[in-house]
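# Secondary and tertiary structure notes
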Amino acid sequence: MNRQGYYGRWGGAFIPEVLHETFRELNAAFAAAKADPAFWTGYVDLMATYSCRPTPLTHCPNLSRALGGAQIYVKREDLNHTGAHKANNVMGQGLLMQRMGKTRVIAETGAGQHGVATATMAARFGFACTIYMGAEDVRRQRPNVFWMEKLGAQVVPVTDGSQTLKDAINEAFRDWVTNMSDTHYCLGTVCGPHPFPEMVGYFQGLIGQEARRQILTACGRLPARVYACVGGGSNAYGIMSGFLDDSRVELIGVEAGGLGLDSGRHAARIAGRHGQAGVAQGYRTLFLQDEDGQMQDTHSVAAGLDYIGVSPILADLAEAGRVRFAAATDQEVLLALDRTMKAEGLIPALESAHAFAHAFKEVGELSPEESVIINMSGRGDKDIFTIAHAFGDPSWQAFIRERGREYGA
Amino acid sequence: MALEERIRALRSKKDILLMTHIVLGYPSLAVNRRVIKAMVDAGVDLIELQIPFSEPMADGPVILKANQVAIESGIRVAACLDFAREMVQAHPIPFLFMTYCNIVFRHGEEAFLDRAVAAGIKGVILPDLPPEEGADFLALARAKGVAPILIYAPTSTGARMRELAGHAAGFIYCVARKGVTGKATRFDADLAVYLGRCRAATSLPLAVGFGLRSREDVQFLTGKADIAVVGSETIRVVDRDGPDAVGPFLAGLLGR
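Residues numbered from 1 in each chain as written. Chains lettered and ligands numbered in written order. Predicted model: local features only at pLDDT ≥ 70, side-chain atom pairs only at ≥ 80, totals over all residues. Heavy atoms only, no water.

The next thing to look at is the pairing of strand E3 (residues 95–98) of chain B. Residues and elements named next belong to chain B. Side chains Phe95 and Phe97 project from E3 onto one buried face, and the interleaved Leu96 and Met98 project onto a second face that is buried too. Inspection of the sheet shows strand E2 (residues 46–50) paired to E3 by 4 bridges, in the parallel sense. Within E3, the position partnered with Ile47 by the bridge is Phe95. With 3 bridges joining them, E3 and strand E4 (residues 123–125) adopt parallel strand pairing. Among the inter-strand pairings, Phe97 is bridged to a residue of E4, identified as Val124. (Buried < 20%, exposed > 50% of the residue type's maximum accessible area, 1.4 Å probe, protein only. Helix = DSSP H or I, 4+ residues; strand = E, 2+ residues; numbered from the N terminus. Pairing = 2+ DSSP bridges.)

Below is the structure:
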């Protein structure tokens, strides 16, 4: 038997029979695209003219000085069109859909960034678009729902289970098994059945290729460390893939520590050693689950990190010792966000702020001659309601009350 | 007797067999017990016992909700195994397990199969385990006398169907249409052509499920398949009218 898409003991394609032919077709189309040099050139060109690539690598002199350690550089994925690294993956899959002749795209979304990016891609390519989003995430990320709908997508709130990302993924699969003849499922991260981890990783690899070139230009040497937040793991794998062969560059993935690793309210699958080997949502990885194999509820202040599983590629890199995992709590994340805004004028997404929070804890160990890169996977303006609530900002609350009154609340 | 022979023996006396489906622990094992008795009394030939899973990707809204409610009410895999043993002892028809990979893997594949054998379970259906991923498990199940039931879909090619049949035992479960459980299926010429393709690809008995609701659906399948499968609709009947309505509903399906 040919077991495809494995990274060590993780990965695979545990899919219902009805999707067997769909995956065969997708594997063939992706393999043909990868083998066609014009496809990658066309992809890079599209990202340059539509999504501000290459995104800059920004030096942070104030933070570097204040923390007294390595020079801090930030890879600016927030400057992608739609405000996050998600654009890289969806535009690549959009080009693939064109080659396959599909006319409808479906996607799941947690924080909403992948949903907004997919809706944008659908508008650009002229595809019909349906986005599945946990009802809880719809409440948390209302501004992104607004944009998806304005971009022409239908947003379907999922009221099953914990009403978060994992439930949105299940619902997207249910749609796909009914409509696969004209529909592509644009999965948003380096998870799910083969070939999705490889395919999403291929497109997100652009981040790492650019970052490696840019840090060499800026510093004349490779960074000591690269930090990235890990939900599913697409921004992390994207930037880390550029440095995997550079054994001296330490790679650190930062998961959602939520209310603390002992609280039972987090999404730290690897850092807290709470993840157990399992098979769900079409692939084998470390999942937060109970002794019976039932998936558990997760928590994070950042909707995009609030996921039960983790990329099989990252699970393998963790097991091999190539990527070190850590976690940042909700509270640490808010403090890091505040500090980053005031020191550098950058507004990272709550997801990205996990990477900042953990980097701030560690950079003092390094010397000013060294550098670190933090991947700023997305921008934080989408989180304005969550952040304002967390900071308890009185003038914002007064504004919301006033707006509520205007709408007859 | 192995499952395939049991089915052939039953089938020699009837034009078509009926298989029903229960989500264990939904709404409770006590209600499951009453519903299963009503099913057996109504003349059901086989029963699928679904061990709930939190992420049932092949199931539609009715069974999905039943899975979630059962888990929330505290059902455990060990209780499902015990309940299965009790049902096998109480009723003289074959019982099967249906669940998802993770339940089996977390329990331990061999341990799970051994406990299924000890309970008297005759077959196992794992809709998210294609042979590419589960050849070893499927072979182990066959070796232990638990028939691995594999699934055909309308999108399966003839070559694929033959490959699947090579890993299966007992019978083949033919999904009547693309999609998840519980939505309406059109019982039409396209379905007949598809079932003809299924028949040509294997000598194993054929079961047909997904979307069966009426006497006419069962009549349509008679002569084209060996087993009609009713899943979501019995759950709807229990939800709407209570366990006592199951018997009359099934008697109506079978025209008795």
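Anyway, onward from the coordinates.
Our next topic: the packing of aromatic side chains. All names here are of chain A. The tally for this structure, following the rule as stated, stands at 24 aromatic pairs over all chains. Between the aromatic rings of Trp40 and Tyr43, the centroid separation amounts to 5.1 Å while the plane-to-plane angle is 50°, which identifies the pairing as tilted. Placement of both Trp40 and Tyr43 in helix H2 (residues 37–50) is noted, with a separation of 3 residues, approximately one turn of the helix. Ring plane angle 55° and centroid distance 6.1 Å describe the contact between Tyr185 and Phe196, whose orientation is recorded as tilted. Here Phe196 lies in helix H9 (residues 196–219) and Tyr185 lies in strand E8 (residues 183–185), a separation of 11 residues in the sequence. (Phe/Tyr/Trp six-rings, centres within 6.5 Å; stacked < 30°, edge-to-face > 60°.)

Turning to the sheet that holds strand E5 (residues 104–109) of chain A, a few remarks are in order. Residue and element names in this part refer to chain A. The parallel open sheet is built from 4 strands, whose spatial order is E7-E6-E5-E8. Among the strands making up the open sheet, the edge pair consists of strand E7 (154–158) and E8. Adjacent strand axes in the sheet meet at a mean angle of 20° when their direction is disregarded. Bridge analysis of E5 against E8 gives 3 bridges, and the strand direction is parallel. Pairing of Arg104 across the sheet is with Thr183, part of E8. Contacts from helix H5 (residues 113–125) reach E5 and strand E6 (128–134), with the element oriented near 165° to E5. Each of E5, E6, E7 and E8 is contacted by helix H8 (residues 165–179), which is oriented at about 160° to E5, the strand it contacts most. (Axes fitted to C-alpha atoms, helices over the stretch in contact; angles between N-to-C directions. Contact = heavy atoms within 4.5 Å.)

Further remarks concern the interface of chain A and chain B. With 39 residues of chain A at the contact, the number on the chain B side is 39 residues. One can count 5 salt bridges joining chain A with chain B. The salt bridge partner of B:Glu55 is A:Lys166, with a shortest N-O separation of 3.1 Å. Residue assignment for the side of chain A that touches chain B shows that the elements contributing at least two residues are helix H1 (20–35), H8 and strand E11 (276–280) of chain A. When its residues are assigned to classes, the side of chain A that touches chain B shows 14 nonpolar, 14 polar and 11 charged. (Salt bridge = Lys/Arg side-chain N within 4 Å of Asp/Glu carboxyl O. Nonpolar A, V, L, I, M, F, W, Y, C, P; charged D, E, K, R; others polar.)

Below, the discussion takes up the pattern of salt bridges. It is possible for side chains of opposite charge to pair when their charged atoms get near one another. The tally for this structure, following the rule as stated, stands at 51 salt bridges over all chains. Linking B:Arg33 and B:Glu86 is a salt bridge whose minimum nitrogen-to-oxygen distance equals 2.6 Å. With B:Arg33 in helix H2 (residues 29–42) and B:Glu86 in helix H4 (residues 77–90), the pair connects residues that are 53 residues apart, well separated along the chain. A relative accessible area of 31% means that B:Glu86 is categorised as partly exposed. In this structure, B:Glu233 engages B:Arg236 in a salt bridge whose closest nitrogen and oxygen atoms are separated by 2.7 Å. One end of the pair, B:Glu233, and the other, B:Arg236, are both in helix H11 (residues 232–241), 3 residues apart, so they sit about a helical turn from each other. Of the residues examined, B:Arg236 reaches a relative accessible area of 24% and is grouped as partly exposed. Each member of the salt-bridge network shares a partner with another, and the members are A:Arg225, A:Glu250, A:Arg324, A:Glu362 and A:Glu365.

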